[in-house]
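Given next are the chains, with one letter for each unit.
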Amino acid sequence: MPTTTTQYNKLSIIMTSKPMQTSKDIQNPNQNLAQKSDTPMLTLNSLIEAQVAFMQQWLRSQAGPLSMQAWQWFSEQPLSKYISSDDLQHLINDWFLKQPLSEVIRRDIRDILHTIIYHPVNDNVPLSELVDDTQVEILASYVGSHEEQRHILVHTLVGNETFADLLTQTLYHAINDFMETTLDKAGAAGKLMKFGRSSFEKATNRNLDEKLQTYLHRNIKDLAHKAEANAQAHLSNEEVARLLVTGWGRIKEKPISEIQTYLRDEPNDSSIEHIENSIQQSYNRLRLSPYLHSLVAAGVDTWYTNHQDDSIANIAASLNIDEQAMTQLSTALLPVVTDALESSWVTAHITEMLQTFYAQPSIKAGLVFSTD
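Keep in mind the model is a prediction, meaning the values are calculated, not measured.

Rules used throughout
- Residues numbered from 1 in each chain as written.
- Predicted model: local features only at pLDDT ≥ 70, side-chain atom pairs only at ≥ 80, totals over all residues.
- Heavy atoms only, no water.
- Patch = residues over 30% accessible without salt bridge, like charges linked within 9 Å, V, L, I, M, F, W, Y side chains within 5 Å.
- Areas by Shrake-Rupley, 256 points an atom, 1.4 Å probe, with all protein chains shown as cover.
- Salt bridge = Lys/Arg side-chain N within 4 Å of Asp/Glu carboxyl O.
- Buried < 20%, exposed > 50% of the residue type's maximum accessible area, 1.4 Å probe, protein only.
- Helix = DSSP H or I, 4+ residues; strand = E, 2+ residues; numbered from the N terminus.
- Contact = heavy atoms within 4.5 Å.
- Phe/Tyr/Trp six-rings, centres within 6.5 Å; stacked < 30°, edge-to-face > 60°.
- Axes fitted to C-alpha atoms, helices over the stretch in contact; angles between N-to-C directions.
- Parallel < 35°, antiparallel > 145°, perpendicular 65-115°, else oblique.
- Left-handed = near helix turned anticlockwise from the far one by under 90°.
- Nonpolar A, V, L, I, M, F, W, Y, C, P; charged D, E, K, R; others polar.
- 1 Å grid on protein atoms, 1.4 Å probe; cavity = no way out; pocket = protein on both sides within 12 Å on 5 of 7 lines; lining within 4 Å.
- Points joined across faces, edges and corners; volume = space filled by probe spheres on them.
- Polar contact = N/O pair within 3.5 Å; in protein donor to acceptor, adjacent residues only side chain to side chain.

Visitor: Break down a nonpolar patch on the surface for me, citing the residues and quoting the values.
Guide: Side chains of Trp-73, Phe-74, Tyr-82 and Ile-83 sit close together on the surface and give an oily, nonpolar patch of about 390 Å² of accessible area. Looking at Phe-74, the relative accessible area reads 34%, which means it is partly exposed.

Visitor: Can you lay out the pattern of salt bridges for me, pointing to particular residues and giving the numbers?
Guide: By the definition in use, this model includes seven salt bridges. Two residues, Arg-110 and Glu-276, come together in a salt bridge whose shortest N-O distance is 3.0 Å. Here Arg-110 is found in helix 6 (residues 103–117), whereas its partner Glu-276 is found in helix 13 (residues 271–287), with 166 residues between them in sequence. On the basis of relative accessible area, Arg-110 is assigned to the buried category, the value being 14%. We classify Glu-276 as buried; its relative accessible area is 8%. A salt bridge links Lys-252 to Asp-133; its shortest N-O distance comes to 2.9 Å. Residue Lys-252 is found in the loop between helix 12 (237–251) and strand 1 (265–266), and its partner Asp-133 is found in helix 7 (residues 133–145); the two are separated by 119 residues along the sequence. A relative accessible area of 30% means that Asp-133 is categorised as partly exposed. Where salt bridges share partners, they join Glu-103, Arg-106, Arg-110 and Glu-276 into one cluster.

Visitor: Tell me about the environment of Leu-66, and please be specific about residues and values.
Guide: Checked against the element boundaries, Leu-66 lands in helix 4 (residues 44–75). Distance in space between the C-alpha atoms of Leu-66 and Ser-330 is 9.8 Å, their sequence separation being 264 residues. In this view, Leu-66 contacts Trp-58 and Leu-59; residues no more than four positions away in its chain are not counted.

Visitor: Give me the lowdown on the packing of aromatic side chains, citing residues and values where you can.
Guide: What describes a pair of aromatic rings is the distance from one ring centre to the other and the angle between the planes of the rings. Counting across every chain of the model gives four aromatic pairs. For the pair Trp-71 and Phe-74, a centre-to-centre distance of 6.5 Å together with 55° between the ring planes defines the contact as tilted. Here Trp-71 and its partner Phe-74 are both found in helix 4, three residues apart, which amounts to about one turn of the helix. Residue class for Trp-71 comes out buried when judged on its relative accessible area of 13%.

Visitor: Tell me what's going on with the packing of helix 4 against helix 16 (residues 323–341), and back it up with residues and numbers.
Guide: One can describe the packing of helix 4 onto helix 16 by two numbers: an axis separation of 10 Å at closest approach and a directional angle of 150°. Relative to helix 16, the element helix 4 lies roughly antiparallel. Relative to helix 16, the crossing made by helix 4 is right-handed. Between helix 4 and helix 16, the residues in contact are Gln-56, Leu-59, Arg-60, Ala-63, Gly-64, Ser-67, Met-68, Trp-71 and Gln-72 and Glu-323, Met-326, Thr-327, Ser-330, Leu-334, Val-337, Thr-338 and Leu-341, respectively. Of the residues contributing to the contact of helix 4 with helix 16, the split by class is eight nonpolar, seven polar and two charged.

Visitor: Outline empty space enclosed by the protein, listing residues and values.
Guide: For the coordinates displayed, the defined rule picks out one cavity of 30 Å³ or more. The volume enclosed by the largest cavity comes to roughly 40 Å³. Forming the walls of the largest cavity are Gly-159, Asn-160, Glu-161, Ala-164, Lys-221, Ala-224 and His-225. Where the lining of the largest cavity is concerned, the elements lending two or more residues are helix 9 (161–185) and helix 11 (208–234). Here the lining of the largest cavity gets three residues from one element, more than from any other, and that element is helix 11. Looking at the lining of the largest cavity residue by residue, the class counts come to two nonpolar, three polar and two charged.

Visitor: Give a detailed account of the side chain of Ser-343, specifying residues and quantitative values.
Guide: Its location among the elements puts Ser-343 in the loop between helix 16 and helix 17 (344–358). One polar contact links the side chain of Ser-343 to the main-chain carbonyl oxygen of Ala-340, over a distance of 2.5 Å.

Visitor: Can you lay out unusual backbone geometry for me, pointing to particular residues and giving the numbers?
Guide: The backbone phi angle of Asn-320 is positive, close to 60°, even though this residue is not glycine. Among the secondary structure elements, Asn-320 is positioned in the loop between helix 15 (312–318) and helix 16. On the basis of relative accessible area, Asn-320 is assigned to the exposed category, the value being 69%.

What follows is the structure, encoded as structure tokens:
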């Protein structure tokens, strides 16, 4: 709403206190009224309209400095003056954890991941762009130095009973399948061998399959223990680190798009959708669990204890938000502020505020307005 000269002239109104009547005024009331009628006066509504226009124009011109002054004042305030640990707890629990991610957000996440993973630029950028050689070497040394954990891992994979049982069953089925196939093809000799097997089982009162499995299991357990001992001896700290570095050297120059070979991108079989859906299921299960709420409460309390005496400016600085960033943000938001000030709802609220102000008995009694 542009301010015109006429609107500014409306501000030069007569808002004089009621003058004390002199004896001359009392003696000549008609003359006094005539003199007053010569003075330009505005109605209350005209006054309010002029004030609304002036306030809007003034706020528009001062929006930039006002926003920075407001930030400077706010940044000096301590965190604990306005926000408590309970406030943060409620914000996280009631706003973030209580509400599931909307389908719109989930679809955006999937689309963004798809765009990033399948972007053409990945065809020309090697994996080494993501991970530096030094990082791999540090990781390899870290993994290699955890000898006790490595021994536990090797024992879990090679030396445990489950591995021995699995290997026993695999070898048994392979031998049994070989024998059955061979006997079927041996003709009369095969039938004779099957008869001998049956006679053996009746004479020893034992099932040949059971005896074979027992034999395999006993010997494979010994083999598994030997394999574990060999693995433990071979996989030294240096060897583990060397294997990791060597493995990285074989793949680091491959393009990032190589990751796509491990994913499916069919309309009804998308790896990205499967991954996102799995993460969403885990999130939905955890966000309402007492376990996660306990961790959030402990984390918030720790953070608040560390920063409750900090100023808002110090906390903002830890997020790389400084006065320059606020200046840029203020400049970007100025069009929004300007449009808001010129909107009908702001005009209506300012008008209502001024009408309420002038309606106060103490104000009405001290001012004289034209009733025309």
